[in-house]
Amino acid sequence: MIVVTAGHVDHGKTALLQALTGTNTAHLPEEKKRGLTIDLGYAYLPIETPHGKHDILGFIDVPGHQRFLSNMLAGVGGIQHALLAVSAEEGIKPQTEEHLEILKLLRFSHIMLVITKADRAKASRIEQLIYTIQNHYPFLVEAPVFVTSAHTGQGIEALKNHLIMLNEQAKSATDKPFRYAIDRVFNVKGAGLVVTGTAVAGQVKIGDEFYLTSDQKVRVKGIHAQNSPSEIGLAGQRLALNIANVEKEQVQRGDWITELAPHFATDRITVRLNVIQPLKESTVAHLYHFASHVTGKVSLLNTKQAVENGDYFAEILLDEPLHIAVNDRLIIRSGDDRQTLGSAEVLEIHSPKRYKRSEARLSFVNELAKTTACDDFTARLALMLQNRALTLDFLLWAEQRFASQLPENTDAIVYDKWIFSCKFKQQIQQRMVEKLTEYHANHQDQLGLSKARLYRMAVLEQPEGLALQWLNELVAEGVLAQTRGWVHLPEHRIEFSDRELQIWQQIRPLFEATNQALWVREIATELNLDETDTRNLLYKAGKLGYAVPIVKDRFLFAEQIQQFASWIKAFVQTHGEISVNQLRDELQYGRKLTVQLMEYFDRTGFLRRKGNVHLLRDAESF
């Protein structure tokens with residue numbers, strides 16, 4: 001367990017920790033000289049648990065001076081226990097108030113009010129001070145109060161016993177993927193690169209290989225947990241990790257080491273905002289997220305003006321992408337970084353760019369906030385999958401969970417790299433059927449649509465690979481039928497009459513005898529048929545999938561088109577592109593006919609032209 005100590009400068013935090021642990025956290029020479037804690041100081045208290053086991057409590061002594069507040073904000077991320085030190089001699093001071101606001105904003109689950117320097121004030125003054133603090137800050141009414149003196153030892157043992165009890169109650173998130181915020185980077189002679197930081201979730205063992213923010217894999221060679229050598233590091237602990245496979249120049253403060261691949265850095269998040277200062281609809285701000293400090297813009301979604309102590313929904317646009325997850329908290333400070341404006345609890349990463357203030361969108365965000373507040377992942381997952389499919393790795397990163405931790409009592413389906421709800425899949429499939437039904441009503445003389453065209457007409461906003469899989473399932477289940485590549489309703493039919501079938505049986509051998517495209521007039525002359533009747537019959541054959549008009553009145557046999565498409569597909573997959581001349585050389589066609597054939601493939605969506613070459617657009621056609 002790690003405990004934050006907060007409070008105004010010179011209110012005895014460092015002395016209190018020295019009395020508890022025997023360690024002076026003002027550890028840097030410059031800090032000794034100036035008499036205040038510039039950076040985060042750390043101290044550790046070995047304890048024996050009620051079960052006879054040994055453990056170590058960690059303390060972060062954060063700066064109380066305004067100038068060094070950014071360091072304090074880096075130190076409190078992910079920690080839930082805090083000591084608020086208030087001098088019995090001086091009472092509440094400006095930085096006391098600011099630290100109180102930050103502890104409130106970060107929603108610490110356990111705050112202990114520690115009155116320091118009790119030997120320098122009368123008991124009546126101390127009682128009045130406690131009353132004033134609790135009266136001004138109602139969230140501290142239930143907080144335990146300890147009256148202490150580092151000089152005489154008053155209250156130190158009682159505070160230590162209370163901390164031991166809290167350590168027993170603390171439940172670290174060790175069952176989640178390892179996530180570790182780096183705040184210091186340095187080399188140690190004989191060991192190599194060492195990083196220090198706080199384990200936000202999960203656990204790490206010597207020999208583990210995890211990801212650095214840059215996506216580079218690093219191996220953990222050694223671990224110091226709470227300032228002692230260890231084989232394992234757990235969530236909630238202060239860790240120093242000796243890592244390999246990376247150079248010091250490649251790591252910096254604010255980077256992460258994560259068990260999940262860090263592919264989802266985001267510059268756009270949706271948050272629930274807790275405001276302690278009035279805020280305009282669009283505000284430039286400094287944003288603190290664990291050890292990261294960036295600037296960005298806070299845009300209110302459900303109001304034009306935020307008032308003090310209000311809760312609102314907002315979108316934050318970051319000037320630099322951060323590796324943020326749902327439930328993370330940020331501190332928001334003014335554009336000049338002099339004043340804390342509020343805090344933000346992350347509801348969603350990669351929030352949508354459009355319709356962000358629509359009624360439907362705000363209703364969704366409101367429901368999302370409810371599931372986050374009560375930590376109901378089952379309800380949250382159902383809500384997120386109502387109207388969309390998500391890639392599984394994105395969901396797992398955003399929620400910082402393993403795939404094995406997905407709830408079982410939902411209609412969520414995992415297929416390939418996707419996760420979606422059964423209900424949503426049915427909605428998309430129904431839209432495909434409806435669009436095809438509409439197409440048949442308007443084009444009764446057409447056999448159907450290609451799969452790619454039906455996808456573009458019906459559900460273009462959905463992931464193509466997934467939508468085509470759902471379409472294939474409709475065909476396999478008999479809801480839709482497929483004839484020579486054309487998708488149609490099972491009851492939809494186009495057929496030759498007996499006389500048309502007899503004439504087609506005369507025409508077919510002409511196509512089989514050549515690999516050339518035939519004109520309607522050529523066929524009518526060869527078989528002594530009426531040209532108009534021949535034309536009508538050939539176009540009907542085209543709708544049935546037997547012949548293909550590559551230009552008006554010029555047809556190729558469907559099997560020939562299939563063969564040409566297969567050769568082109570293989571050629572493009574090998575060479576990346578194909579030109580008219582390359583196709584002409586293969587088919588031994590004239591240039592004009594080759595151009596007509598290539599343009600036909602472009603029109604159908606099988607290929608697409610880019611300058612003087614053609615690229616494969618829809619590999620599933622033909």
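Basis of the calculations
Residues numbered from 1 in each chain as written. Predicted model: local features only at pLDDT ≥ 70, side-chain atom pairs only at ≥ 80, totals over all residues. Heavy atoms only, no water. Helix = DSSP H or I, 4+ residues; strand = E, 2+ residues; numbered from the N terminus. Axes fitted to C-alpha atoms, helices over the stretch in contact; angles between N-to-C directions. Parallel < 35°, antiparallel > 145°, perpendicular 65-115°, else oblique. Left-handed = near helix turned anticlockwise from the far one by under 90°. Contact = heavy atoms within 4.5 Å. Nonpolar A, V, L, I, M, F, W, Y, C, P; charged D, E, K, R; others polar. Domains from an automatic or database assignment. Buried area = accessible area lost by both parts, 1.4 Å probe. Salt bridge = Lys/Arg side-chain N within 4 Å of Asp/Glu carboxyl O. Polar contact = N/O pair within 3.5 Å; in protein donor to acceptor, adjacent residues only side chain to side chain. Pairing = 2+ DSSP bridges. Buried < 20%, exposed > 50% of the residue type's maximum accessible area, 1.4 Å probe, protein only. Phe/Tyr/Trp six-rings, centres within 6.5 Å; stacked < 30°, edge-to-face > 60°. Lys NZ or Arg CZ within 6 Å of the ring centre and 35° of its normal.

(A) The environment of arginine 219, seen in detail. With respect to the helices and strands, arginine 219 occurs in strand S11 (residues 217-225). Between the C-alpha atoms of arginine 219 and alanine 244, which are 25 residues apart in sequence, the distance is 5.2 Å.

(B) Molecular detail of the packing of helix H11 (residues 451-458) against helix H12 (residues 464-476). Look at H11 against H12: their axes get within 10 Å of each other, and the N-to-C directions meet at 115 degrees. With respect to each other, H11 and H12 are oriented roughly perpendicular. H11 and H12 meet at a crossing whose hand is right-handed. Within the contact between the two elements, H11 uses Lys451, Leu454 and Tyr455 and H12 uses Glu464, Ala467, Leu468, Leu471 and Asn472. Of the residues assigned to the contact of H11 with H12, the class counts are five nonpolar, one polar and two charged.

(C) Region of the structure containing unusual backbone geometry. Phi at lysine 117 takes a positive value of approximately 55 degrees, unusual for a residue other than glycine. For lysine 117, the location among the structural elements is in the loop between strand S5 (110-116) and helix H5 (123-136). In this structure, aspartate 553 takes a positive phi of about 70 degrees despite not being glycine. In this fold, aspartate 553 is placed in the loop between strand S30 (547-551) and strand S31 (554-557).

(D) Inspection of the environment of isoleucine 243 at higher detail. On the secondary structure map, isoleucine 243 appears in strand S14 (residues 238-244). Here the alpha-carbon distance between isoleucine 243 and glycine 590, two residues 347 residues apart in the chain, equals 65 Å. If sequence neighbours within four positions are ignored, isoleucine 243 has contacts with Leu193, Val195, Val218, Arg219, Lys221 and Ile257.

(E) Summary view of the domain arrangement of the protein chain. For the protein chain, the assigned domains are domain 1 (2-169), domain 2 (179-258), domain 3 (269-365), domain 4 (376-494) and domain 5 (495-621). Each of domain 3 and domain 4 was reduced to a C-alpha centroid, and the two centroids are 34 Å apart. Taken together, the contacts link nine residues of domain 3 with nine residues of domain 4. The junction of domain 3 with domain 4 conceals about 700 Å² of combined surface from both sides, 65% of it contributed by carbon and sulfur atoms. Contact with domain 4 buries surface across domain 3, with Val326, Ile349 and Phe364 losing the most and accounting together for 58% of the total. For the pair domain 3 and domain 4, the interface holds one salt bridge. For glutamate 348, the salt bridge identified is with arginine 388, shortest N-O distance 3.6 Å. There are three residue pairs in polar contact (both at pLDDT 80 or more) connecting domain 3 and domain 4. Here the side of domain 3 that touches domain 4 gets three residues from one element, more than from any other, and that element is strand S23 (residues 340-349). Of the residues in the side of domain 3 that touches domain 4, the class split is six nonpolar, two polar and one charged.

(F) Highlighting the sheet that holds S30. Taken in spatial order, the three strands line up as S29-S31-S30 in an open sheet, and their pairing is antiparallel. Two strands bound the open sheet, and with one partner strand each, they are strand S29 (518-519) and S30. The sheet contact formed by S30 and S31 spans four bridges and is antiparallel. If you follow valine 551 over to S31, its bridge partner there is arginine 554. Of the strands in this sheet, S29, S30 and S31 touch helix H13 (residues 498-512), which is tilted by about 80 degrees from S31.

(G) Here's a closer look at the sheet that holds strand S26 (residues 418-421). On the basis of which strands lie adjacent, the open sheet formed by three strands has the order S24-S26-S25 and antiparallel pairing. Every interior strand has two partners, whereas the edge strands, strand S24 (390-391) and strand S25 (412-415), have only one. Direction of pairing for S24 relative to S26: antiparallel, over a ladder of two bridges. In the sheet register, leucine 390 faces S26, and the bridge partner there is isoleucine 419. Lying on the sheet, helix H10 (residues 422-442) is in contact with S25 and S26; it crosses S26 at an angle near 85 degrees.

(H) View of the pairing of strand S16 (residues 266-275). Among the ten residues of S16, nine are classified as buried, and the element is accordingly described as predominantly covered. Here S16 pairs with strand S21 (residues 311-322) via eight bridges, running antiparallel. Bridge pairing in S21 links asparagine 274 to aspartate 311. For S16 and S23, the ladder comprises seven bridges, and the chain directions are antiparallel. Each bridged residue has a counterpart across the sheet, and for valine 275 the counterpart in S23 is glycine 342.

(I) Quick peek at the packing of aromatic side chains. All told, the structure shown has 18 aromatic pairs when counted by the stated rule. Aromatic side chains tryptophan 504 and phenylalanine 511 sit 6.3 Å apart centroid to centroid with 40 degrees between the ring planes, which places their arrangement in the tilted category. Across this residue pair, the class does not change: tryptophan 504 and phenylalanine 511 are buried. Geometrically, the ring pair formed by phenylalanine 511 and phenylalanine 557 is stacked, given 5.8 Å between the ring centres and 15 degrees between the ring planes. Here phenylalanine 557 lies in strand S31 and phenylalanine 511 lies in helix H13, a separation of 46 residues in the sequence. Of the two residues examined, phenylalanine 511 and phenylalanine 557, each falls in the buried class. Each residue in the set Phe496, Trp504, Phe511, Tyr546 and Phe557 is aromatic and connected to the rest through ring pairs, giving one cluster. Its end group placed over the ring of tryptophan 256, arginine 179 keeps NZ or CZ at 4.3 Å from the ring centre. Between lysine 217 and the ring centre of tyrosine 211, over which it is positioned, the NZ or CZ distance is 4.9 Å.

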